[in-house]
Amino acid sequence: MPIDSATKQTSITQATLVKKARENLAYRPADVSPQRRVQRRYTMRRWSVRHARFLEWVYARFSHFFLLLHPFWNAVGYARAETPVKFVERHLKGLMFDCRMCGQCILSSTGMSCPMNCPKQLRNGPCGGVRSNGNCEVEPEMPCVWVKAWEGAQAMRGGEAIFHVQHPVDQSLRESSAWLRITAQAARARETGRSDAA
């Protein structure tokens, strides 16, 4: 029995809709298209790992400076400072480390290699699928984030921090400033220490 053209047209339309829906739901590792990763060639991420010791030194000075600004952040209000600081943090760390703005930065513990760039977002070491050339099993052109983390950690003074077990990602902190959160925590700890000593 021949299929009329209207039925054929309907089935083609439905198939097209299903295909489009499937493309929209397709898994994209770490919320970044692999094509964009390949285009960037991981140049800055590799540079950051190679210069992990220098960046560790810079970060120590920067975090000390940010802590000195605590009275200013407190006067302005950490919540109000969030937007401009987050803007700078996103662009600077995005350039240097391909930052995903998880709000729980652990670069100083992972050899300046951001674990959120792992397609599986593993926070405590590599999966069992690292290729023999040290690249990722999900994105074969990308060097494994944790192989690079190990390389960077070997160059750092505080490289043993890579052995610290990290907590799972708290999704409620995504798109927030890790700089401000860490500064507020350090200021609280310092004030608590002073009150305990008194």
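Residues numbered from 1 in each chain as written. Predicted model: local features only at pLDDT ≥ 70, side-chain atom pairs only at ≥ 80, totals over all residues. Heavy atoms only, no water.

1. Observations regarding the packing of aromatic side chains
Spelled out, the test is: Two aromatic rings, drawn from Phe, Tyr or Trp (for Trp, its six-membered ring), form a pair once their centres lie within 6.5 Å of each other, and the interplanar angle then sorts them: stacked below 30 degrees, edge-to-face above 60, tilted otherwise.
A full pass over the atoms with the stated rule returns seven aromatic pairs. Each member of the aromatic cluster is reached from another via a ring pair, and the members are F62, F66, F72, W73 and W179.

2. Digging into the packing of helix α3 (residues 43–50) against helix α6 (residues 78–97)
Angle between the axes and distance between the axes: these two values describe a pair of packed helices. Defined as follows: Geometry is summarised by axes, namely lines fitted to C-alpha atoms with helices restricted to the contacting stretch, and by angles between N-to-C directions that run from 0 to 180 degrees. Going along the chain from the N terminus, every DSSP run of H or I of four or more residues is numbered as a helix, and every run of E of two or more is numbered as a strand. Note that the term roughly parallel is reserved for angles under 35 degrees, roughly antiparallel for angles over 145, roughly perpendicular for angles of 65 to 115, and oblique for everything else. Note on contacts: a residue pair is in contact if any heavy atoms of the two residues lie within 4.5 Å. Asp, Glu, Lys and Arg are counted as charged, while Ala, Val, Leu, Ile, Met, Phe, Trp, Tyr, Cys and Pro are counted as nonpolar; the rest, among them Gly, fall into the polar class.
Running from N to C, α3 and α6 point in directions that differ by 85°, and their axes come no closer than 6 Å. Of the possible angle classes, the one that applies to α3 and α6 is roughly perpendicular. For the pair formed by α3 and α6, the contact residues are M44, R45, W47 and S48 on the first element and L95, M96 and F97 on the second. Grouping the amino acids of the contact of α3 with α6 by side-chain chemistry returns five nonpolar, one polar and one charged.

3. A word on the side chain of E89
Condition: We define a polar contact as two N or O atoms separated by no more than 3.5 Å, with the added condition that, inside protein, one atom must be a possible hydrogen donor and the other a possible acceptor, whereas residues neighbouring each other in sequence contribute only through side-chain atom pairs.
Among the secondary structure elements, E89 is positioned in helix α6. Within the local environment of E89, its side chain forms a polar contact with the side chain of S177, the two groups lying 2.6 Å apart. Setting aside its immediate chain neighbours within four residues, E89 contacts G94, M101, S177, A178 and W179.

4. Description of unusual backbone geometry
Unusually for a residue other than glycine, M112 sits at a positive phi of about 65°. With respect to the element layout, M112 can be found in the loop between α6 and α7 (145–155). Positive phi is not limited to glycine here, since E175 has a value of about 65°. By secondary structure assignment, the location of E175 is in the loop between α7 and α8 (178–197).

5. Re the nonpolar core
Test applied: The nonpolar core is taken to be a set of buried Ala, Val, Leu, Ile, Met, Phe, Trp, Tyr and Cys residues, with the residues joined through side-chain atoms within 4.5 Å. Each residue is assigned to one of three classes by its accessible area relative to the maximum for its type, calculated with a 1.4 Å probe on protein chains only: buried under 20%, partly exposed between the two thresholds, exposed over 50%.
With 11 residues, the main nonpolar core is built from A52, L55, M96, F97, C102, L107, M112, C114, M116, M156 and V169. For this core, the secondary-structure elements that each account for two or more residues are α4 (52–68) and α6. The contact partners of M112, leaving out residues within four places of it in the chain, are S48, V49, A52, L55, E56, F97, L107 and M156. If you look at the next biggest cluster of nonpolar residues, it comprises eight residues, including W73, W179, L180 and A184.

6. Observations concerning the layout of surface pockets
Going by this rule: For each structure, a 1 Å grid was placed over the protein atoms alone; sets of points admitting a 1.4 Å probe that cannot get out are labelled cavities, open sets with protein on both sides within 12 Å along at least five of seven lines are labelled pockets, and lining residues have an atom within 4 Å of a point. Grid points are joined across faces, edges and corners, and a volume is the space filled by probe spheres set on the points.
Here the largest pocket defines a volume of roughly 450 Å³. Taken together, 17 residues make up the lining of the largest pocket; nearest its centre are Y59, F97, C105, L107 and W179. Counting only elements with at least two residues in the lining of the largest pocket, the list comes to α4, α6 and α8. Across the lining of the largest pocket, the residue classes tally to 13 nonpolar, three polar and one charged.

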